[in-house]
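# Analysis of the macromolecular model
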Amino acid sequence: MGVLAGRVAVITGAGRGIGREHALLFAKEGAAVVVNDLGGSNAGEGTDSGPAQDVVREIVAAGGKAVANTDDVATWDGAQKLVEQAVTEFGGLDVVVNNAGILRDAFIAGMSEAQWDAVIAVHLKGHAAVLHHAAAYWKQQSKAGNQPDAAVINTASASGTTLPNPGQANYGAAKAAIAALTLVAADELARYGVRVNAIAPIARTRLTLATPGMGEMLAAEAESSEGGFDAFAPANIAPLVAYLAAETCPITGKVFAVQGGAISELAGWHDVKTIETEGPWLIDDIAARLP
Ligand SMILES: NC(=O)c1ccc[n+]([C@@H]2O[C@H](COP(=O)([O-])OP(=O)(O)OC[C@H]3O[C@@H](n4cnc5c(N)ncnc54)[C@H](O)[C@@H]3O)[C@@H](O)[C@H]2O)c1
């Protein structure tokens, strides 16, 4: 029996890259999977039902359970249909993996409104929309006396946590917000039996292969690891996500970096130095004491 036997999972952006590997491993570990993917370009343009359907075919051919969904997670309506499909087709919902993503890199001075909006919409709103509808379902289950044992795994990035990346103000801001959203949601949803964590992965996918500097590094790693352990293969991210999704996992409210052969727990903003006053602040006093 797999660690996800009997679990019903929704995985967004599961037609390609990291999400595809989550879907394949989840199905192998016994989960019934709703494979969501809008199928657009790296920049989120266009649609194609092919990637989601291909992954479903692969899972079903291997004896697993999956259905395709091509709704846009960047809309409240699309996210609602996605959550409803899990309940209608598989009788419930236990796990949400928010993973769908796009890139529209630009330096702030040259960034267009469309570049900003598209990235914030797919990443931040795309996470919040699915989280909202899943949370409403779990709240309703809990109130009806069926306390869920559910899990959400969000997808942040080093770009929004440990490694601010010039040219990715839209993406980094969305990913940092996803880390914050994870902590708030973990707090709010504990009462309904829902754990919420996030990962900040690095893997070789079409997204990173198109990122200047990174694509070359990841391609070179692939060559040098030929025949051995390919630590930057997208399949290397899925085992952590499967563990966070399992009923046996107690973890909630955490963000983990997973890259190469390492998994690290990240810590968020914290005080590093405090200056205090007994009366009103004087500008000169602040200037003298704050480095
Ligand atoms: N690859 C990395 O090293 C890396 C690093 C940090 C974070 N991430 C994050 O991991 C996630 C997966 O990225 P990837 O590298 O596998 O990229 P990818 O392009 O291979 O896969 C992303 C998938 O999301 C789908 N998608 C985009 N917009 C969607 C929408 N509105 N609704 C539904 N599906 C949509 C795309 O069609 C695509 O198939 C993203 O959130 C990305 O930001 C990846």
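Please refer to the structure higher up on the page.
Below is a short write-up of the structure. (Residues numbered from 1 in each chain as written. Predicted model: local features only at pLDDT ≥ 70, side-chain atom pairs only at ≥ 80, totals over all residues. Heavy atoms only, no water.)

Moving on, we get to helix 8 (residues 238-245). Of all 8 residues that make up helix 8, 6 are buried, and the element is covered over most of its length. Along helix 8, the positions that sit buried rather than exposed are Ala-238, Leu-240, Val-241, Ala-242, Leu-244 and Ala-245. Elements in contact with the buried residues of helix 8: helix 1 (17-28), strand 4 (95-97), strand 5 (150-155), strand 6 (194-202), strand 7 (255-259) and strand 8 (262-266). (Buried < 20%, exposed > 50% of the residue type's maximum accessible area, 1.4 Å probe, protein only. Helix = DSSP H or I, 4+ residues; strand = E, 2+ residues; numbered from the N terminus. Contact = heavy atoms within 4.5 Å.)

Here we take up the nonpolar core. Side chains of nonpolar character tend, in soluble globular proteins, to be buried together. Membership of the largest hydrophobic core comes to 31 residues, with the highest contact counts inside it found for Ala-23, Phe-26, Val-33, Val-35, Ile-153 and Ile-199. Breaking this core down by element, the ones donating at least two residues are strand 1 (8-11), helix 1, strand 2 (32-36), helix 2 (50-61), strand 4, helix 8 and strand 7. It is helix 8 that contributes the most residues to this core, 5 residues altogether. Setting aside chain neighbours within four positions, we find Val-33 in contact with Ala-9, Ile-11, Ala-23, Phe-26, Ala-27, Lys-65, Ala-66, Val-67 and Phe-90. Core analysis: the second largest hydrophobic core is formed by 27 residues, Val-34, Val-67, Val-194 and Val-196 among them. (Core = buried A, V, L, I, M, F, W, Y, C linked by side-chain atoms within 4.5 Å.)

The next point concerns the packing of aromatic side chains. Within the structure shown, the criterion is met by 0 aromatic pairs. Here Arg-191 stacks its cationic end above the ring of Tyr-192, 6.0 Å away from the centre of that ring. (Phe/Tyr/Trp six-rings, centres within 6.5 Å; stacked < 30°, edge-to-face > 60°. Lys NZ or Arg CZ within 6 Å of the ring centre and 35° of its normal.)

Attention shifts here to the side chain of Asp-37. Mapping Asp-37 onto the fold places it in the loop between strand 2 and helix 2. Here the side chain of Asp-37 touches Ala-14 through a polar contact of 3.5 Å, landing on its backbone nitrogen. Each residue touching Asp-37, except ones within four places of it in the same chain, is listed here: Gly-13, Ala-14, Gly-15, Arg-16, Asp-48, Ala-52, Asn-69 and Thr-70. (Polar contact = N/O pair within 3.5 Å; in protein donor to acceptor, adjacent residues only side chain to side chain.)

Extensive coverage of strand 2 is indicated by the burial of 5 of its 5 residues. Judged by which residues are buried, strand 2 turns out to be covered on both faces: Ala-32, Val-34 and Asn-36 on one side and Val-33 and Val-35 on the other are all buried. Direction of pairing for strand 1 relative to strand 2: parallel, over a ladder of 4 bridges. Within strand 2, the position partnered with Ile-11 by the bridge is Val-35. The parallel pair strand 1 and strand 2, bridged by helix 1, forms a crossover whose chirality is right-handed. Relative to strand 3 (residues 65-69), strand 2 runs parallel, the two being bridged by 5 bridges. Bridge assignment links Ala-32 to a residue of strand 3, and that residue is Lys-65. Following the backbone out of strand 2, through helix 2 and into the adjacent parallel strand 3, one traces a crossover that is right-handed. (Pairing = 2+ DSSP bridges. Right-handed = clockwise from strand over helix to strand, strands pointing away.)

Within the element layout of this structure, Ala-190 appears in the loop between helix 5 (169-189) and strand 6. Considering only alpha carbons, one finds Ala-190 and Ser-142, 48 residues apart in sequence, at a separation of 11 Å.

Let us look at the site of the ligand. Close to the ligand lie 30 residues; Asp-37, Asp-72, Asn-99, Tyr-171 and Thr-205 are nearest. The contact in question runs from an oxygen atom of the ligand to an N or O atom on the side chain of Asp-37, over 2.5 Å. Contact between the ligand and Arg-206: an oxygen atom at 2.8 Å from a side-chain N or O atom of the residue. Relative to its unbound accessible area of 820 Å², the ligand is 98% covered by the protein chains. If you list the elements that add at least two residues to the shell around the ligand, you get helix 1, helix 4 (113-143), helix 5, strand 6 and helix 6 (206-209). Tallied by class, residues from the shell around the ligand come to 12 nonpolar, 12 polar and 6 charged. (Near = heavy atom within 4 Å. Areas by Shrake-Rupley, 256 points an atom, 1.4 Å probe, with all protein chains shown as cover. Nonpolar A, V, L, I, M, F, W, Y, C, P; charged D, E, K, R; others polar.)

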